[in-house]
Amino acid sequence: MNFNTSSSKQTWSADAYSTHGRFVADLAGAVFEWLAPQAGEKILDLGCGDGALTHKLADIGADVLGVDMSDDLLAAARERGLKVMNRDGHKLDFPAEFDAVFSNAALHWMSQPELVIDGIWRALKPGGRFVAEFGGHGNVAAIVTAMRAVSARREGDESLAGPWFFPSADVYADMLADAGFDVRRVGLYPRPTPLKTGMKEWLKLFRKPFFEQFGTEADSVLDEVEQLLRPSLCDARGNWTADYVRIRVEAVKPL
Ligand code: BEZ
């Protein structure tokens, strides 16, 4: 996981992430299958967070390095015995040393995707693959729209509602091709995602800067956003589902 560097900076607590964000790693089966990691391969896990997936790669026998920008999450990853480093995904400077670059639920936090793609290219050996999944076009659209609506009513900064990069498949494929990649497969996959700890916890974990801008009103803004979302994202039993759409991609650096 990685973040933009402006005043809208998102920070992470490993405890909160483990309690309310564990589903992120739990739902990564498909991208793992696309990666098909092999024992002995040298793999870079870009935006490794607390290392929940990095650990699975290491268990398979891969020589895996995780990078992220959250020291708190990196500390949790180190406690799992993983090799990790603090690196900005926009400034990767590994010299053609990895068989694969893998990323799950992190690239949407990186606001300059061309720089990220260039760094991934540099990091891969010729013939190496880039396999990633992250938020695609339309991801959490209802949630962002509800935040924007409440922000407009309260004269807040709407841009804090949705700072993410959620590309369509065509747009992202073109970016990769422009960098020289051979795009093997790319697609958008709607994935309604149950939120076991509810919508408010999701909002507080993932969009803290938006609510903080309202100071002492933050809690009532949170109530209002939740109420707007209830008819579309909460069922009759009180179970919340987030309107996730994933983009999944496999691209190869030609020999
Ligand atoms: C995602 O994984 O798609 C995501 C998570 C938090 C905020 C935005 C998107």
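Heads up: the structure comes first, above all this text.
Predicted model only: the values in this text are computed from it and were never measured.

Peer 1: Help me understand the overall build of the protein, please; the structure alone is not making it clear to me.
Peer 2: Helices and strands together make up the secondary structure of the protein, namely 11 helices and 9 strands. Computed over the C-alpha atoms, the radius of gyration of the protein is 18 Å, within 12% of the 18 Å expected from 2.2 N^0.38 for a compact globule of 255 residues. Dimensions along the principal axes, computed over C-alpha positions, put the protein at roughly 55 × 40 × 35 Å. In the protein, buried positions account for 53% of the 255 residues. In the protein, the share of contacts with a sequence separation of at least 24, taken over all contacts with a separation of at least 6, comes to 75%. Averaging the locations of the 28 positively and 36 negatively charged side chains of the protein gives two centres separated by 3 Å.

Peer 1: Honestly, the site of the ligand in this entry has me stumped. Any pointers?
Peer 2: Taken together, His108, Trp109, Gly135, Asn139, Trp164, Phe166, Trp202, Phe206, Tyr244 and Arg246 are the residues near the ligand. Between the ligand and Asn139, the relevant distance is 2.6 Å, taken from an oxygen atom to a side-chain nitrogen or oxygen of the residue. In isolation the ligand has 260 Å² of accessible area, and contact with the protein removes 98% of it. The residue makeup of the shell around the ligand, split by class, is 6 nonpolar, 3 polar and 1 charged.

Peer 1: Would you explain the pattern of salt bridges in this entry?
Peer 2: A side chain of one charge can pair with a side chain of the opposite charge when the charged atoms of the two come close. Enumeration over the complete set of coordinates arrives at 18 salt bridges. A salt bridge links Arg129 to Glu41, with the nearest nitrogen and oxygen atoms 2.9 Å apart. Of this pair, Arg129 sits in strand 5 (residues 124–135) while Glu41 sits in the loop between helix 3 (29–35) and strand 1 (42–46), and the two are 88 residues apart along the sequence. For the pair shown, Arg129 and Glu41 are each scored as buried. The salt bridge partner of Glu226 is Lys200, with a shortest N-O separation of 4.0 Å. A residue pair is termed long-range when its members are at least 10 positions apart, and Glu226 in helix 11 (residues 218–233) and Lys200 in helix 9 (residues 198–206) qualify at 26 residues. Accessibility expressed as a relative area gives 25% for Lys200, which makes it partly exposed. Shared partners join several salt bridges into a network, and the residues in it are Glu133, Arg191, Arg246 and Arg248.

Criteria and cut-off values
- Residues numbered from 1 in each chain as written.
- Predicted model: local features only at pLDDT ≥ 70, side-chain atom pairs only at ≥ 80, totals over all residues.
- Heavy atoms only, no water.
- Helix = DSSP H or I, 4+ residues; strand = E, 2+ residues; numbered from the N terminus.
- Rg over C-alpha atoms; globule rule 2.2 N^0.38 Å.
- Buried < 20%, exposed > 50% of the residue type's maximum accessible area, 1.4 Å probe, protein only.
- Contact = heavy atoms within 4.5 Å.
- Lys, Arg positive; Asp, Glu negative; His and termini not counted.
- Charge placed at Lys NZ, Arg CZ, Asp CG, Glu CD.
- Near = heavy atom within 4 Å.
- Polar contact = N/O pair within 3.5 Å; in protein donor to acceptor, adjacent residues only side chain to side chain.
- Areas by Shrake-Rupley, 256 points an atom, 1.4 Å probe, with all protein chains shown as cover.
- Nonpolar A, V, L, I, M, F, W, Y, C, P; charged D, E, K, R; others polar.
- Salt bridge = Lys/Arg side-chain N within 4 Å of Asp/Glu carboxyl O.

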